[in-house]
Amino acid sequence: QSERVWRDLLASKLGMEAEVLLPERLAGERRRETDTREAPQWMLKYKSWYKPEPQSLAWSSTTRDYGLAPAESKYAARYLHRCTAVGDRSKILFFGGQGGGSDFYNDLHLLDLNQRNDGLQLQQLHVGSSHEPPFPRCSGTLTAMSVNGCDDSEVVALFGGSQGFFEGFSNSLRILCADDGTRVGDAATTGGGLTWHEPIVRAHPSNINGRIPDARWGHSAVAFDGKLLLFGGSNTTHCFADTWLLEISQEQGRFIATWTLLIDGAHHGIGSCPPPRAGQTASLVGSSLFIFGGCHISEVFNDVWKLDVVGVPKEKLRWEEFKVTGIPPSPRVGHAAVVLGDRIILCGGRGSALAGTVGKYATGEEGLASMQGLTFFQSGFCVLDTTARKWLPVQHPVIDENDGEATALGKSRAHVREHRTGHVMMPARNGCLLLIGGLGFDGNFQNDLSLVSLF
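Remember, it's a predicted structure, so these values are computed and weren't measured experimentally.

1. A short note on the overall build of the protein chain
1) Next: A count of helices and strands for the protein chain gives six helices and 33 strands.
2) Next: A compact globule built from 455 residues would reach a C-alpha radius of gyration of about 23 Å, and the protein chain, at 21 Å, matches this within 12%.
3) Next: Taken over the C-alpha atoms alone, the protein chain extends approximately 70 × 50 × 50 Å along its principal axes.
4) Next: For the protein chain, the proportion of its 455 residues judged to be buried stands at 55%.
5) Next: In the protein chain, 59% of the contacts between residues at least 6 apart in sequence involve partners at least 24 apart.
6) Next: When the accessible surface of the protein chain is summed, it comes to about 19,400 Å², and 50% of that surface belongs to carbon and sulfur atoms.

2. As for helix H1 (residues 3-14)
For an α-helix, the turn length of 3.6 residues means that residues three or four places apart are oriented alike.
1) Next: End to end, H1 covers 17 Å across twelve residues, agreeing with the expected 16 Å (1.5 Å per residue, within 8%).
2) Next: Here H1 starts with a cap whose side-chain oxygen sits 3.3 Å from the backbone nitrogen of Arg-4, and that cap is Ser-2.
3) Next: Gly-15 lies just past H1 and shows a positive phi near 75 degrees.

3. Brief notes about the pattern of salt bridges
1) Next: Under the criterion given, the structure shown has 20 salt bridges.
2) Next: For Glu-321, the salt bridge is made with Lys-323, and the minimal N-O distance between the two is 3.7 Å.
3) Next: Owing to a relative accessible area of 32%, Glu-321 belongs among the partly exposed residues under this scheme.
4) Next: Because the salt bridges share partners, they merge into one network encompassing Arg-211, Arg-216, Asp-242 and Asp-264.

4. Comments concerning the side chain of Arg-343
1) Next: The residue Arg-343 is located in strand S24 (residues 343-347) in this model.
2) Next: On the basis of relative accessibility, which here comes to 5%, the residue Arg-343 falls in the buried class.
3) Next: In terms of polar contacts, Arg-343 uses its side chain to reach the backbone carbonyl oxygen of Tyr-50, at 3.0 Å.
4) Next: Once residues within four sequence positions are removed from consideration, Arg-343 is found in contact with Trp-49, Tyr-50, Pro-52, Val-338, Val-383, Leu-384, Asp-385 and Leu-392.

5. A word on the sheet that holds strand S16 (residues 281-285)
1) Next: With antiparallel pairing, the four strands of this open sheet are ordered in space as S16-S17-S20-S21. The outermost strands of the open sheet, each flanked by one partner alone, are S16 and strand S21 (319-321). Each strand axis lies, on average, 25 degrees off the axis of its neighbour in the sheet, ignoring direction.
2) Next: In this sheet, strand S20 (residues 304-308) lies alongside strand S17 (residues 288-292) in antiparallel orientation, the contact comprising five bridges. Across the sheet, the residue bridging to Leu-289 is Leu-307, located in S20.

6. Some thoughts on empty space enclosed by the protein
1) Next: Applying the stated criterion to the full structure yields three cavities of 30 Å³ or more.
2) Next: In this structure, the largest cavity spans a volume of roughly 100 Å³.
3) Next: Among the secondary structure elements, those contributing two or more residues to the lining of the largest cavity are helix H3 (41-50), S24, strand S28 (381-385) and strand S29 (390-395).
4) Next: In the lining of the largest cavity, the residues fall into eight nonpolar, three polar and one charged.

7. Notes on the nonpolar core
1) Next: By size, the foremost hydrophobic cluster in this structure holds 28 residues, and its most contacted members are Leu-14 and Phe-381.
2) Next: Excluding residues within four positions of it along the chain, Phe-381 makes contact with Leu-57, Trp-59, Ile-345, Leu-346, Cys-347, Val-394, Gln-395, Pro-397, Met-425, Leu-435 and Val-452.

8. Some remarks on the packing of H1 against H3
1) Next: Closest axis-to-axis distance for the H1/H3 pair is 7 Å, and the angle between their directions is 25 degrees. By the angle between their axes, H1 is roughly parallel relative to H3. The element H1 and its partner H3 pack so that their crossing is left-handed. On H3, the residues that touch Glu-3, Trp-6, Arg-7, Leu-9, Leu-10, Lys-13 and Leu-14 of H1 are Gln-41, Trp-42, Met-43, Lys-45, Tyr-46 and Trp-49.
2) Next: Taken together, the residues of the contact of H1 with H3 break down into eight nonpolar, one polar and four charged.

9. Digging into the pairing of S29
1) Next: Inspection of the sheet shows S28 paired to S29 by four bridges, in the antiparallel sense. In the strand pairing of S29, Val-383 is matched with Leu-392.
2) Next: Here S28 folds back onto S29, and the loop between the two strands holds four residues, one of which, Arg-389, carries a positive phi near 50 degrees.

10. Points about the packing of aromatic side chains
1) Next: As enumerated under the stated definition, the model contains 13 aromatic pairs in all.
2) Next: Aromatic side chains Trp-6 and Tyr-46 sit 5.5 Å apart centroid to centroid with 50 degrees between the ring planes, which places their arrangement in the tilted category. Separated by 40 residues along the polypeptide, Trp-6 in helix H1 and Tyr-46 in helix H3 bring together distant segments of the chain.
3) Next: An angle of 55 degrees between the planes, with centres 5.0 Å apart, marks the rings of Tyr-361 and Phe-376 as tilted.

11. Regarding the sheet that holds strand S7 (residues 141-145)
Hydrogen bonds along the backbone pair up the strands of a sheet, which may run parallel or antiparallel.
1) Next: Spatial strand order, S6-S10-S9-S8-S7: five strands in an open sheet with mixed pairing. Of all strands in the sheet, those with a lone pairing partner are strand S6 (128-129) and S7, marking the two edges.
2) Next: Sheet analysis places S6 next to strand S10 (residues 194-197), joined by two bridges and oriented parallel. Residue Gly-128 lies in a different strand from S10, and its bridge partner there is Thr-195.

Here is what the cut-offs are and how they apply
Residues numbered from 1 in each chain as written. Predicted model: local features only at pLDDT ≥ 70, side-chain atom pairs only at ≥ 80, totals over all residues. Heavy atoms only, no water. Helix = DSSP H or I, 4+ residues; strand = E, 2+ residues; numbered from the N terminus. Rg over C-alpha atoms; globule rule 2.2 N^0.38 Å. Buried < 20%, exposed > 50% of the residue type's maximum accessible area, 1.4 Å probe, protein only. Contact = heavy atoms within 4.5 Å. Areas by Shrake-Rupley, 256 points an atom, 1.4 Å probe, with all protein chains shown as cover. Expected span 1.5 Å × (residues − 1). Polar contact = N/O pair within 3.5 Å; in protein donor to acceptor, adjacent residues only side chain to side chain. Salt bridge = Lys/Arg side-chain N within 4 Å of Asp/Glu carboxyl O. Pairing = 2+ DSSP bridges. Axes fitted to C-alpha atoms, helices over the stretch in contact; angles between N-to-C directions. 1 Å grid on protein atoms, 1.4 Å probe; cavity = no way out; pocket = protein on both sides within 12 Å on 5 of 7 lines; lining within 4 Å. Points joined across faces, edges and corners; volume = space filled by probe spheres on them. Nonpolar A, V, L, I, M, F, W, Y, C, P; charged D, E, K, R; others polar. Core = buried A, V, L, I, M, F, W, Y, C linked by side-chain atoms within 4.5 Å. Parallel < 35°, antiparallel > 145°, perpendicular 65-115°, else oblique. Left-handed = near helix turned anticlockwise from the far one by under 90°. Phe/Tyr/Trp six-rings, centres within 6.5 Å; stacked < 30°, edge-to-face > 60°.

Right under this line is the structure:
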């Protein structure tokens, strides 16, 4: 009958994101364990997560365009931007992206989930650069890391990206750090100075011919034990299936970035490595890296691959195609993913439809939304239970009839919230997921902050 026991049990299922997602108390929570007139509120939340009912998700709120304009700037509508959680994971940094009119961005914004007074709002950060600033780009990666040998350190690595489908591919690496040596998350929220640094890039001695990652976009990266794991991506001549490890250290005041090639996908046999691809998601569950989706030109995937990265010597690292029961999501690229405990939640992206799937189609008049003929935007949120090796039923969030955004702009506009590609998704407060930006199935770039309630 204890509310606290049920809250702690739910927190254990959600993993490290529980600190962000779960409030300390719930409205209507029982004050005394001896009060048995109603079930504990946290027990109901736990059951909703453990075995979700159909349509258990609901759109919570949406901040419209004019709500995203801090005094000094406006967050332009865009897609293929990137984000990473810093500090205690309640602070999120956003970088770059592509907007309308072939505009590319290299701005850096902060979203503090602890904001109370004016709701969620993006704040542009003014960042210095020790060399050339990062060039405007989309489809790079932005990842919080540690510096080897520096306790409690936090920097952010920006790698790769492009200025479009046919040009501007890069393998450049920039490191964002606080000027006073504190953690990036602390400096960003207290107004401390931040600077982009160009590190000295080295290949690990085990890399043949001193190889480092080729220029690319559409790759995916995750933080692991203070380091960075990178997979895949493409450029105009190649699509990749390689897996890399990046470590950051310091020597004589300069950052040193060391790339180690873990798996060269080009030299593995069929079935022993994910086929080359870009636009997939990478998700770290415990010590296992999971890859879902992506595309190789117009071939789009909905397979799942797993790589165990702890307790395995480098020469014995092997990808495993992760066999899953249940109805899989439609093949897609440009989707977003969040890890909560042993579950991976996916939404959005565009690709091809499977029999029985529900979604919306872009037409040829929608420009980038129908590029490469990948025109199907599947509805709902897909959940992979990695422990049970099972796809759970697709969740279609309920649209609140009292939602001001839906009322003001109409139901068709509200549907863009889940039918988008190139957006980002992060855990937020009060049991919600936060979606920002992207390209809607209607061909319009987005700069909204939309919340969907998980439980």
